[in-house]
Amino acid sequence: MNSVVSRSLVEKPFIDRDKLYGLLDAHEPSPVRLGELLDKALKLGGLELSEVAELLRVESSEGIRRIMEAARLVKQEIYGKRLVLFAPLYVANYCDNNCVYCGFRKANSSLNRVALNLGEVRQEVEALLRQGHKRLLMLMGESEKTTLDYFIETIRTAYSVRVGEQNIRRINVEIAPLTVEDFARLKKENIGTYACFQETYDPVAYKKFHPSGPKSDYEWRLLVMDRAMEGCIDDVGIGALFGLADYRFEVLALIEHARHLEAAFGCGPHTVSVPRLEPAEGAPLASRPPHPVSDEDFKKLVAVIRLALPYTGIILSTRESEELRNELFNYGVSQISAGSRTNPGAYDEDHPESGAQFSLGDHRSLEEVISCLIDQGYVPSFCTGCYRKGRVGADFMDLAKPGLIKAYCLPNALFTFAEYLGDFASQDVRARGMALIRRLAETEVPESRREKTLAELDSIAAGHRDVY
Ligand code: SAM
Ligand code: SF4
């Protein structure tokens, strides 16, 4: 798109550290003021930066309860009972960086390093397809040993794998920042979202925690999404690694980043990820976060992001425990990973062990996660309909904002869930899942779409697949 935007940004970066910390340095809003802010958020138009700062300053338990309740209503209104599921696929753990919190860091000499060959990638994808996954997030460390050419080959391989009728329908990517030209190459591989986390938006903390390697350049990373969009990537995912700096600062910076992308490219981020620092072997800092985020603060920050960016997906990984994940679904999370491993080759049981990036908080299999979601009335979705129909980037947001996405999303989620139940689930999970699908099709699908939805569900029961 327009390269003038990035050049002007290099001269004037969009994160003003003093301004953001300054916004946090004030009193908690009064109960009346909080009511005004939440009324505005409930209109689903998002919040200004200064308003987000006011919410982040709320400390009273009653105030936090009110924020969470508003987030629950927004989540329900926009996303209903859908939760999108995906699996991360780590293809390599070589890394030339030294992020002090990560098990893949160069200085971790005890890590068993691996770059999967294409046969091994195939085996991993087969194992994930056999579990029922349709959406992958492919990742690797940043190393001269594992180039973009290599990564593109792994994407092509993953898309080409078939297990019976099953194949991967969307691959999102999370790799180190690229140039505009390389993003244009990646775009040709039919990827979904490109994600990259700033880790911390505080340039002082950033310098401390990224001491060497290409990742030590704060601005190169800060401007990655500008380059991705200039390289015509439609959907981008931003994030911060919570625990490195004041969580309230990071939330404000994420909002600034989103607003900047909206202003510069007409479309904000498709997703925001909220990883929280987890222990990692060979990375001592990971066990002693400099700014630990309590579970209570974590719930609050997810709720505030949901209110500030109502149409942006919030992604939660298996870093968090089952209990906390279950609660966070209510307050704003819309996508989760399930059955995850962070060591390359780990899905194929015969593959020799390799080193993991960090330890996981939720060890359940995909079916166990799905069984639990059914109990809570959530619909696990493997939907890739929008992306495959070209409803991406600004077009997606234009549809999402007037609420039109709802008319597509719930039926499509029900279809992919019905396919999963028919092809992979145990008898008990299938029976409970089908009962949930019927109930939601009859009560929650807009009336104008109900008859068609029920007919499509019948066709899936009769063996029809990939309905959307
Ligand atoms: N190497 C690329 C990069 O750093 O951008 C690709 C992504 S890296 C494999 C995935 C993400 O894992 C990082 O961006 C970081 O936020 C997260 N991560 C690293 N160490 C972690 C830890 N100890 N706990 C939680 N998340 C961690
Ligand atoms: Fe390498 Fe990414 Fe880990 Fe940093 S976070 S050490 S860049 S894999």
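Above this text sits the structure in question.
Residues numbered from 1 in each chain as written. Chains lettered and ligands numbered in written order. Predicted model: local features only at pLDDT ≥ 70, side-chain atom pairs only at ≥ 80, totals over all residues. Heavy atoms only, no water.

## A look at the site of ligand 2
Then, in step 1: Neighbouring ligand 2 are the residues Cys95, Asn97, Cys99, Cys102, Phe104, Arg105, Gly141, Lys215 and Gln357.
Then, in step 2: Broken down by class, the residue content of the shell around ligand 2 amounts to four nonpolar, three polar and two charged. (Near = heavy atom within 4 Å. Nonpolar A, V, L, I, M, F, W, Y, C, P; charged D, E, K, R; others polar.)

## A look at the site of ligand 1
Then, in step 1: Within the structure, ligand 1 sits among 19 residues, and Tyr101, Glu199, Lys215, Arg221 and Glu278 are positioned closest to it.
Then, in step 2: For ligand 1, an oxygen atom lies 2.7 Å from a polar atom in the side chain of Arg221.
Then, in step 3: For ligand 1, the accessible surface in isolation is 560 Å², of which the surrounding protein chains cover 97%.
Then, in step 4: Classifying every residue of the shell around ligand 1 by side-chain character gives ten nonpolar, two polar and seven charged. (Polar contact = N/O pair within 3.5 Å; in protein donor to acceptor, adjacent residues only side chain to side chain. Areas by Shrake-Rupley, 256 points an atom, 1.4 Å probe, with all protein chains shown as cover.)

## Some details on the pairing of strand β3 (residues 170–174)
Then, in step 1: Summarising burial for β3: five of the five residues are buried, a large majority.
Then, in step 2: Burial along β3 is two-sided: Arg170, Asn172 and Glu174 facing one way and Ile171 and Val173 facing the other are all buried.
Then, in step 3: In this sheet, β3 lies alongside strand β2 (residues 135–140) in parallel orientation, the contact comprising five bridges. Residue Arg135 lies in a different strand from β3, and its bridge partner there is Arg170. (Buried < 20%, exposed > 50% of the residue type's maximum accessible area, 1.4 Å probe, protein only. Helix = DSSP H or I, 4+ residues; strand = E, 2+ residues; numbered from the N terminus. Pairing = 2+ DSSP bridges.)

## Some thoughts on the side chain of Glu174
Then, in step 1: Checked against the element boundaries, Glu174 lands in strand β3.
Then, in step 2: Residues contacting Glu174, with those up to four places away along its chain left out, are Leu137, Met138, Leu139, Met140, Ala195 and Phe197. (Contact = heavy atoms within 4.5 Å.)

## Concerning the nonpolar core
Then, in step 1: In terms of nonpolar packing, the biggest core is built from 135 residues, with Leu136, Tyr194, Tyr201, Leu301 and Leu307 touching the most fellow members.
Then, in step 2: The element contributing the most residues to this core is helix α12 (residues 247–265), with eleven residues.
Then, in step 3: Beyond its immediate chain neighbours, meaning those up to four positions away, Leu301 contacts Phe242, Tyr247, Val251, Val274 and Val293.
Then, in step 4: Counting residues in each nonpolar core, the second largest holds 23 residues, with Leu139, Ala205, Leu244 and Ala280 among its members. (Core = buried A, V, L, I, M, F, W, Y, C linked by side-chain atoms within 4.5 Å.)

Distances and angles like these do not, on their own, reveal function.
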